[in-house]
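# Fold and contact review
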There are 2 protein chains.
Amino acid sequence: MTAQDYAPLTPETLAARLGALPVLAGLVGPAESWTVKEVGDGNLNLVFIVTGAAGQAIVKQALPYVRLVGESWPLPLKRSFFEYHALTRQAARDPGSVPEVWHFDEAQAIVVMEFLSPHVILRHALVEGRQTEGLGERLGLFCARTLFRGSDLSMTAADRKADLALFAGNVELCDITENLVFSDPYFDAPMNRHTPGLEPAVARLRDDLSLKVAAQHLKLAFSSRAETLLHGDLHTGSVMVTATETRVIDPEFATYGPIGFDVGMLIANFLMAHLSQPGHEAAPGDRAGMQGWLLGVVETIWGTFCEEFSHLWRTERQGMLYQASLYEDQGHALAAEQALADVLGMIWRDTLGFCGVEMHRRILGLAHNADFERIADTGTRAACEARALAMGRQLMLGAGALPGIDAVTAMARRMNKENHL
Amino acid sequence: MTAQDYAPLTPETLAARLGALPVLAGLVGPAESWTVKEVGDGNLNLVFIVTGAAGQAIVKQALPYVRLVGESWPLPLKRSFFEYHALTRQAARDPGSVPEVWHFDEAQAIVVMEFLSPHVILRHALVEGRQTEGLGERLGLFCARTLFRGSDLSMTAADRKADLALFAGNVELCDITENLVFSDPYFDAPMNRHTPGLEPAVARLRDDLSLKVAAQHLKLAFSSRAETLLHGDLHTGSVMVTATETRVIDPEFATYGPIGFDVGMLIANFLMAHLSQPGHEAAPGDRAGMQGWLLGVVETIWGTFCEEFSHLWRTERQGMLYQASLYEDQGHALAAEQALADVLGMIWRDTLGFCGVEMHRRILGLAHNADFERIADTGTRAACEARALAMGRQLMLGAGALPGIDAVTAMARRMNKENHL
């Protein structure tokens, strides 16, 4: 993991530098035929689409700093190493869920992978009011499979501990999550920003001692509870879709953490999509159908997650935890079911808590989301955001009491009609 | 961490092999003056006392297998590496609590350290009915200081993650804990044994589904919740005492885990000492004073732990969790106190759970303890052990409801008078 000889690619140099790779020559065609376009619209990296006579590829390269901010915020190249290793694990644990990786160059921090086409970033589709068939099922399966199969429920203890040690090196990206998600939103931190007009709601939230305590309990959980390999940044900007297909991308924030983190962050982004829809209306009420669909996706994600997790629990529980030798083999299959219910309950409470902080940090912290940002009228935007802030608080502080996902979507429907400014 | 050229020491070869070490020549005297005695009475390692003209030293060397069992149970030499690193961290976090390390040879798996004299193993002193002044305070301080200062409450996130990665290599010793503590006692595992006459109590316990579920929840907590660097084997056989002094030894099981693990295992061993005392009576009731003292030690350990942990929380909370920038600096010192109470509550529940499993595994698993083993009359021994089994169950299943350490010691007093066979 050295930066020796590292140099950022450009559209002009890419063919000369990568043209000799057999995998690219084979799948994209001879370098002479390539056209290269830089399309990175994320916050961190260079992303190139390479088009050749035989096909297309994505070339993603880390920069030694945060692209959004510049060289004043250095960020190590090794995030590319963690993205590569996360992608290969996700591909093994949930085949077909992520882009196929064709090549990895650690020193150059380059991952070459399958170009997804005609896929678009899910968040943009949601802002535009477009739907994807099977979205909730696919994401629920992705969460259940990657999170179950990356844990001590499935892996050998030695393999999981070795992998934990490997991903423990992803310090700087974890640091971003630890500070920007769990701390900055709850006080007047330098990098925060929020929509004008939101001040009263922000002030209430930052004066709420119980909420500030809950946020740090969640930070403790995120930083210490190494239950499984997380995607680590599983929002609707990390999902690509067509009308019928769903893929998950960008796991460079991968780290060992609590199962509920990925699920909670994902659900939060659908709840925010729901609450932002009134800001994207062309005519009053014309996003009502989209809003209903989004809450259906939330219900399906959680339902599918529980169903698949339970299925894997019953059929693939081969790790050292809750082992069959102690339960089924002793005629105590009911103990395995009792434990499953407890574990799902734990994941549920964690999910709601992480869901709440994600809703807060996207409105109060550094990294906002297009769902709200693309609402041009700041009054409307603030009204939508205030609902999300209020809902996030309820999820964080009422996590123990909410009986199921229906109660969450019912809350979202109610919040959508209320004024929380 | 290689075993190249590794060779076990013998009393005959030790002076020739280590005589040239300046630290030993200086602190023990010239090798010509040494006498060497092998005294290892533990389950795993070689331990030599080296006596010379100028002083004494302990030379501890790992064997590539479990000493108690033989070469059929291999165990890697690197446990010596983890013991060395744990000892240096404990010495820094709670100065004076552990033997001073004078030399470490990784390839030979040798740690040379201060010889504690006239210290004896605490467990033996307790069996003999002897007391140590300040014991509970010292152990409570040790737990609070090492566990607080090894966590994200105190360390930088990068340092803790690097240390987590380092100790993640201690796989084989963790495996012993994971299986022998959390699983084997709860079914008829091959290495288990128990006192004749205990069968009805054992059968009840192994038919208790809720207990078997609780044990695996605790295993999940142990294996996934990397809150701090644990001692990992903190029982009364890992403590050396005089009438007035207390030191902690043998941290080769060191791993990142939940704060309550060390505290719970430690308290369990005092509760077992308490419940075993009737088996060591020379005349009826002549251990009543010792029993009262032992429960006092339990109360002092927990009380001191809470007091010191709270003190460190208020004065040394410099890590990324519950940071002052979010609380005190915003005029919300009360949030820091609210969070402290929650965190102590979490540690309390964990402590009781881990306390319970430790009580079970010492009676039902492979590694028993002298407190019970030295009771010659098996009927008496089984009666004492049955009480400990019943109490362990109450602690594991009632952990949320017990209001404080007084309730635990009151339970121990009551159990001591009851028949649980």
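Shown above is the structure to which this text applies.
Here is a short report on the structure shown in this document.

Rules of the game
- Along each chain, residues carry numbers from 1 onward, in the same order as the chain's sequence is written.
- Each chain takes a letter, starting from A, and each ligand takes a number, starting from 1, following the order in which they are written.
- Only residues with pLDDT of at least 70 are given local features in this predicted model, and only at 80 or more are side-chain atom pairs given and counted; all residues enter the totals for whole chains, interfaces and linings.
- Only heavy atoms go into the side-chain values, all of them from the structure, while hydrogens and water stay out.
- Superposition of the copies used a least-squares fit over C-alpha atoms from residues whose pLDDT is at least 70 in both.
- Here, two residues are considered to be in contact whenever any of their heavy atoms come within 4.5 Å of each other.
- A run of DSSP states H or I qualifies as a helix once it reaches four residues; a run of E qualifies as a strand once it reaches two. Both are numbered from the N-terminal end.
- Between buried and exposed lies partly exposed: a residue is buried under 20% and exposed over 50% of the maximum accessible area for its type, with that area taken using a 1.4 Å probe on protein chains only.
- Joining through side-chain atoms within 4.5 Å is the link that ties buried Ala, Val, Leu, Ile, Met, Phe, Trp, Tyr and Cys residues into a set, and such a set is a nonpolar core.
- Here, any two strands with at least 2 DSSP bridges between them count as paired.
- All axes are obtained by fitting lines to C-alpha atoms, using only the stretch in contact for helices, and the reported angles, taken between N-to-C directions, cover 0 to 180 degrees.
- Just to be clear on terms, a salt bridge is a Lys or Arg side-chain nitrogen sitting within 4 Å of an Asp or Glu carboxyl oxygen.
- Accessible surface is computed with a 1.4 Å probe, and the buried area is the amount of it that two parts give up when combined, taken over both parts together.
- In protein, a polar contact requires one atom able to donate a hydrogen and another able to accept it; more generally it is a pair of N or O atoms within 3.5 Å, and residues adjacent in sequence count only if both atoms are side-chain atoms.
- When the centres of two rings from Phe, Tyr and Trp lie within 6.5 Å, Trp using its six-membered ring, the rings pair. Their planes under 30 degrees apart give stacked, over 60 give edge-to-face, and anything left gives tilted.

### Observations regarding the relation of the copies chain B and chain A
Mapping chain B onto chain A leaves a residual RMSD of 0.0 Å; the transformation is a rotation of 180° accompanied by 0.0 Å of translation along its axis. Such a turn and shift between the copies fits a two-fold axis. Here 100% of the interface residues in chain B have copies in chain A that are interface residues too; the copies meet face to matching face.

### Some points on the environment of B:Ser238
Residues and elements named next belong to chain B. When you line up the elements, serine 238 lands in the loop between strand E9 (228–230) and strand E10 (239–241). Relative accessible area serves as the criterion here: at 1%, serine 238 is assigned to the buried category. Sequence separation between serine 238 and leucine 266 is 28 residues; the distance between their C-alpha atoms is 9.5 Å. Apart from residues no more than four positions distant in its own chain, serine 238 is found in contact with His231, Asp233, Arg247, Val248, Ile249 and Asp250.

### Things to note about the nonpolar core
Counting residues in each nonpolar core, the largest one holds 232 residues, and the members touching the most others are A:Phe305, A:Phe309, B:Phe305 and B:Phe309. Ignoring any residue separated from it by four or fewer positions in sequence, one finds A:Phe309 in contact with A:Ala144, A:Phe148, A:Leu153, A:Ile259, A:Leu340, A:Val343, A:Leu344 and A:Ile347.

### Points about the sheet that holds E10(B)
Residue and element names in this part refer to chain B. The antiparallel open sheet is built from three strands, whose spatial order is E8-E10-E11. Whereas interior strands pair on both sides, the edge strands pair on one side only; in this sheet they are strand E8 (120–121) and strand E11 (246–248). Judged from the three bridges that link them, E10 and E11 form a sheet pairing that is antiparallel. Paired with valine 239 across the strands is valine 248, a residue of E11. The strands touched by helix H5 (residues 135–149) within the sheet are E10 and E11, with E11 carrying the most contacts at an inclination of about 30°.

### Regarding the pattern of salt bridges
All names here are of chain A. Summed over the entire model, instances satisfying the criterion amount to 50 salt bridges over all chains. Between arginine 193 and glutamate 373 there is a salt bridge, with the nearest N and O atoms lying 3.3 Å from each other. Of the two residues, arginine 193 is situated in the loop between helix H7 (171–181) and helix H8 (199–206) and glutamate 373 in helix H13 (residues 370–373); the sequence distance between them amounts to 180 residues. With a relative accessible area of 28%, glutamate 373 lands in the partly exposed category. Here the salt bridges share partners, and the residues they tie into one network are Asp94, Arg138, Arg145 and Glu308.

### Quick notes on the interface of chain B and chain A
By a widespread convention, an interface's size corresponds to the accessible area lost as its parts come together. Of the residues lining the interface, 46 residues belong to chain B; the matching set on chain A comes to 46 residues. Of the roughly 4000 Å² buried at the junction of chain B and chain A (both faces included), carbon and sulfur atoms supply 64%. Taken together, the links from chain B to chain A amount to two salt bridges. Note that B:Glu178 and A:Lys161 form a salt bridge whose closest N and O atoms lie 2.7 Å from each other. The interface formed by chain B and chain A holds 29 residue pairs in polar contact (both at pLDDT 80 or more) in total. Listing elements by their share of the side of chain B that touches chain A, those giving two or more residues are helix H6 (157–167), helix H7 (171–182), helix H9 (209–224) and helix H12 (333–364) of chain B.

### Describing unusual backbone geometry
At the junction of A:Ser117 and A:Pro118, the peptide bond is cis and its omega measures out at 10° in the coordinates. Counting through the fold element by element, A:Pro118 comes out in the loop between strand E7 (110–114) and strand E8 (120–121). You will see that A:Asp250, though not glycine, has its phi angle at about 60°, which is positive. Here A:Asp250 shows up in the loop between strand E11 (246–248) and strand E12 (255–257). Even without being glycine, B:Ala109 reaches a positive phi, approximately 55°. Of note, B:Ala109 is situated in the loop between strand E6 (101–105) and strand E7 (110–114).

### Looking at the environment of A:Arg225
Within the secondary structure, A:Arg225 is located in the loop between helix H9 (209–224) and strand E9 (228–230). Note on A:Arg225: relative accessible area 13%, which makes it buried. For the pair A:Arg225 and A:Tyr256, spaced 31 residues apart in sequence, the C-alpha to C-alpha distance is 7.6 Å. Residues contacting A:Arg225, with those up to four places away along its chain left out, are A:Leu220, A:Gly257, A:Pro258, A:Met346, A:Asp350, B:Ser224 and B:Arg225. Of note is the side chain of A:Arg225, whose polar atom sits 2.5 Å from the side chain of A:Asp350.

### Regarding the sheet that holds strand E1 (residues 35–38) of chain A
Residue and element names in this part refer to chain A. Taken together, the five strands give an open sheet; going across it, the order is E1-E2-E3-E7-E6, and neighbouring strands pair in antiparallel fashion. Looking at the sheet topology across the chains shown, the edges are occupied by E1 and strand E6 (101–105). Taking the axes of each pair of neighbouring strands and ignoring which way they run, one obtains an average angle of 20° across the sheet. Sitting on the sheet, helix H3 (residues 79–93) touches strand E2 (45–51), strand E3 (56–62), E6 and E7, and the angle it makes with E7 is about 30°.

### Here we look at the packing of aromatic side chains
Under the criterion given, the structure shown has 30 aromatic pairs over all chains. The interplanar angle of 80° and the centroid separation of 5.3 Å between the aromatic rings of A:Phe148 and A:Phe309 together place this pair among those described as edge-to-face. Here A:Phe309 lies in helix H11 (residues 288–315) and A:Phe148 lies in helix H5 (residues 135–149), a separation of 161 residues in the sequence. The exposure class assigned to A:Phe309 is buried, which follows from its relative accessible area of 0%. For the ring pair B:Phe81 and B:Phe82, a centre distance of 5.2 Å and an interplane angle of 85° mean the geometry is edge-to-face. Residue B:Phe81 is classed as buried on the basis of its relative accessible area of 12%. Put simply, the rings of A:Phe148, A:Trp302, A:Phe305, A:Phe309, A:Trp313, A:Tyr322 and A:Trp348 pair up and form one aromatic cluster.

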